[in-house]
Every structure is written in structure tokens, then in C-alpha cells.
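Next come the chains, spelled out residue by residue.
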Amino acid sequence: MNQVIDLLKNHRSIRKFKPETVSIEKVHAIIEAAGWAATSNFIQAYTVIHVKNKKTRKQIADLAGPQPWVETSPLFLVFCADLKRAQTACLYENKEMVSGYTEQFIISTVDVALAAQNAMIAAESLGLGGVYIGGIRNDPETVCKLLKIPDHVYPTFGMCLGYPDENQEQKPRLPVSMVLNDEYYQESNTDLEKYNAICKAYYQNRSNSSREDTWTHQISVMMTSPARPHMKAFLKKRGFEFK
Ligand SMILES: Cc1cc2nc3c(=O)[nH]c(=O)nc-3n(C[C@H](O)[C@H](O)[C@H](O)COP(=O)(O)O)c2cc1C
């Protein structure tokens, strides 16, 4: 349709990288592009930490899985939801920020996600590839200690980037018929079986670690296990409460 849509539709996560480094000019271009995402109330409630120290990378790679690409990718960024800068803005105006509102948690989490996806797309447009690392939330306390992350900030996910050294088949996405509703919410599962068959074929035929699986099976495994139950207490401690 156009080059931007073609780029978006060419996405796949990359976990194997050529050793070639990513120039600091490209890093800055990616982060600048991230900053042009829309932002709730103009807060820009995010910070990106560029983690270069090898020992720190290894520690994060281990706690995230292990996920070796966190250690081996040429570039590793940690995206944080950040309300501390907003607190500073209030102090600058001799005011005290009210904190702990669920809405503030949503605002900062959405802001960081939008900025990160801009970064991913910008990186892909420069010939790079990458993968998000939600695995850092396995042990967010340690990530905060390692990266000196203060209260009112939490590490939301990491992102590995570099020049791709693999050419994965694309993971098929839900069809438009299942995600686009006319006028009001209508769960539309008529194409679910077809989508399961497409995912089954993808898993059977992919060149890297093929297996027997379907979308519903995969989601049913994931959604019937507790999901990082430590996150509620962790966020509360950081100043992200659910008032
Ligand atoms: C917020 C977020 C966290 C993710 N965390 C991880 C992760 O820790 N490790 C990993 O290998 N992939 C991770 N992924 C990548 C997803 O598994 C991947 O995007 C999804 O399976 C679709 O595959 P694709 O990106 O290749 O199309 C994450 C993606 C998102 C959006």
C-alpha cells in the first residue's frame, strides 16, 4: 500500500544479531523518533536506559529467563514508565504531586509503550531488528537496583536491537474480521478455527524450533497460570498504587 505500511507488515521479533554495532547517531535517531509518539496530557512519562555494562547485561539476561540475546544484542534499552519527571515539574512550580492513582499508572504505561513502539519501527526502518523483553519483570526489584531506578519509575520492558542475523518466518496475526467490530462490541469468532489452522501450519513449518501448537492452545496455557504475581506489591512500593 505504501512504504510505512509495508514496513509495519514486515515485523518479526529478532533475537539473533550480527556483531556490527549500532552507531550512537542511530541510537539518538531512534530515541528521538520514540519521543514523537503521542503522549497523554503531554506528560511524556517515560525514560529509556541504554545499558552497556557487560556485567549488568548478563545479570539482566539471567533474571529475564535466561534470555541470552539480552547479553549479546549490540544494543539493549530498558524502557521505564516515569512519573518522577512529572513530580519534578510539580516541585519546580512549588507544588506537590498527588501520586498513586490508577489513571497515572495507565498514563505512564501507555506513554512508554507508545514511545517504545515508535523506537522499534524507527529501528526497523534503519535496517535493524529487535525484540521486546518483558522478562525483566521477572525480577523488577533487581533491575531497579542495577539501573538505580528511583521511586515513581518502573522498568516496563527491555528492548534488544541490532542488525538481524536470522530471517524468521512471520508469526501470523489475527485477521481484521476478528479485531474490528462495527458500531459496538461483538465478539466475532467465526474465523477462529481458520486462524488456529494458520497458526498450526506456521508452528509446524517454521525453520526454527517447529512444534505442534495452535493459538488457542498457546493462549490457554498462558492465561491459566499466575502472571508475575509479585508485580502488584512491587508497583505499590515504587509509588504506583491503584487508587
Ligand atoms: C511487551 C512485550 C514483551 C515481550 N517480552 C518478550 C520476552 O521477554 N522475550 C522474548 O523473546 N520475546 C518477547 N516479546 C516478543 C513477543 O513474544 C512477540 O512479539 C510475539 O510472539 C509476536 O511475534 P513477532 O514479534 O515475531 O511477530 C515481547 C513482546 C512484547 C510486546
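Structure: above.
Since the structure is predicted, the reported quantities are computational estimates derived from the model, not experimental observations.

When you look at the overall build of the protein in this model, what are you seeing that I'm missing?
The helix and strand inventory of the protein stands at 11 helices and 4 strands. Computed over its C-alpha atoms, the radius of gyration of the protein comes to 20 Å, within 12% of the 18 Å expected for a compact globule of 243 residues. If one aligns the C-alpha atoms of the protein with their principal axes, the spans along those axes are about 60 × 50 × 40 Å. Residues classed as buried in the protein amount to 25% of the 243 residues present. Taking the intrachain contacts of the protein between residues at least 6 apart in sequence as the baseline, contacts between residues at least 24 apart amount to 78%.

Honestly, the environment of V78 in this entry has me stumped. Any pointers?
Within the element layout of this structure, V78 appears in strand 2 (residues 75-82). The exposure class assigned to V78 is buried, which follows from the 23 C-beta atoms found within 10 Å. Remark: the alpha-carbon pair of V78 and L147, spanning 69 residues in sequence, is separated by 9.2 Å. Other than its neighbours up to four places away in sequence, V78 contacts I49, V51, I136, L147, P155 and G158.

Sorry, what's going on with the pairing of strand 4 (residues 153-162) here?
Side chains on a regular strand alternate between the two faces of the sheet. With respect to burial, strand 4 is a largely interior element, 10 of its 10 residues being buried. As judged from the 5 bridges shared by strand 3 (residues 129-133) and strand 4, these two strands associate in the antiparallel manner. Paired with V131 across the strands is C160, a residue of strand 4.

Looking at this structure, I do not really get the site of the ligand. What am I missing?
As a structural note, the neighbourhood of the ligand is formed by 13 residues, with R12, S13, Y132, G134 and G135 the closest of them. Among the elements that line the shell around the ligand, the one with the most residues is strand 3, at 3 residues. Split into classes, the residues belonging to the shell around the ligand amount to 5 nonpolar, 5 polar and 3 charged.

I'm lost on the nonpolar core in this one. Help?
In summary, soluble globular proteins display a tendency toward joint burial of nonpolar side chains. Counting residues in hydrophobic clusters, the biggest one holds 41 residues, and the most contacted among them are F79, C80 and M159. Those elements that place two or more of their residues in this core are helix 2 (24-35), helix 3 (54-63), helix 4 (69-72), strand 2, helix 6 (102-125), strand 3, helix 7 (140-147) and strand 4. When neighbours within four sequence positions are excluded, F79 is seen to be in contact with Y46, V48, V112, A116, T156, F157 and M159.

I would appreciate a short explanation of the sheet that holds strand 1 (residues 46-50) in the present structure.
The strands that make up a sheet are held in pairs by hydrogen bonds between backbone atoms, and each pair lies either parallel or antiparallel. In space, the 4 strands of this open sheet follow the order 1-2-4-3, with antiparallel pairing throughout. Where the open sheet ends on each side, the last strands, each with one partner, are strand 1 and strand 3. Strand-to-strand twist of the sheet, defined as the mean angle between neighbouring strand axes without regard to direction, takes the value 25 degrees. Across 8 bridges, strand 2 lies against strand 4 in antiparallel orientation.

So what exactly am I meant to see when it comes to the packing of helix 3 against helix 7 here?
The angle between the axes and the distance between the axes are what describe a pair of packed helices. Direction vectors running N to C along helix 3 and helix 7 enclose 175 degrees, while the axes themselves pass 10 Å from each other. Relative to helix 7, helix 3 is oriented roughly antiparallel. In this structure, helix 3 contributes T56, Q59, I60 and L63 to the contact, and helix 7 contributes T142, V143 and L146. When the residues that make up the contact of helix 3 with helix 7 are grouped by side-chain class, the tally is 4 nonpolar, 3 polar and no charged.

Is there a simple way to think about the environment of R137 in this case?
Position of R137 relative to the elements: it lies in the loop between strand 3 and helix 7. Taking the C-alpha atoms as reference points, R137 and L63, 74 residues apart in sequence, are found 8.8 Å from one another. Residue contacts for R137: discarding those within four places in its chain leaves R228 and M231.

I tried to follow the packing of helix 2 against helix 6 on my own but got confused; where do I start?
One way to put it is that helix 2 packs onto helix 6 with a least axis distance of 7 Å and a crossing angle of 140 degrees. Accordingly, the angle class assigned to the pair helix 2 and helix 6 is oblique. As for how helix 2 packs across helix 6, the hand of that crossing is right-handed. Contacts between helix 2 and helix 6 involve A29, I30, I31, A33, A34 and G35 from the first element and A115, A116, N118, A119, A122 and A123 from the second. Considering only residue class, the contact of helix 2 with helix 6 consists of 10 nonpolar, 2 polar and no charged.

About the criteria used
- Residues numbered from 1 in each chain as written.
- Predicted model: local features only at pLDDT ≥ 70, side-chain atom pairs only at ≥ 80, totals over all residues.
- Helix = DSSP H or I, 4+ residues; strand = E, 2+ residues; numbered from the N terminus.
- Rg over C-alpha atoms; globule rule 2.2 N^0.38 Å.
- Buried ≥ 20, exposed ≤ 12 C-beta atoms within 10 Å, placed from the backbone.
- Contact = placed C-beta atoms within 7 Å.
- Pairing = 2+ DSSP bridges.
- Near = placed C-beta within 6 Å.
- Nonpolar A, V, L, I, M, F, W, Y, C, P; charged D, E, K, R; others polar.
- Core = buried A, V, L, I, M, F, W, Y, C linked by C-beta atoms within 7 Å.
- Axes fitted to C-alpha atoms, helices over the stretch in contact; angles between N-to-C directions.
- Parallel < 35°, antiparallel > 145°, perpendicular 65-115°, else oblique.
- Left-handed = near helix turned anticlockwise from the far one by under 90°.

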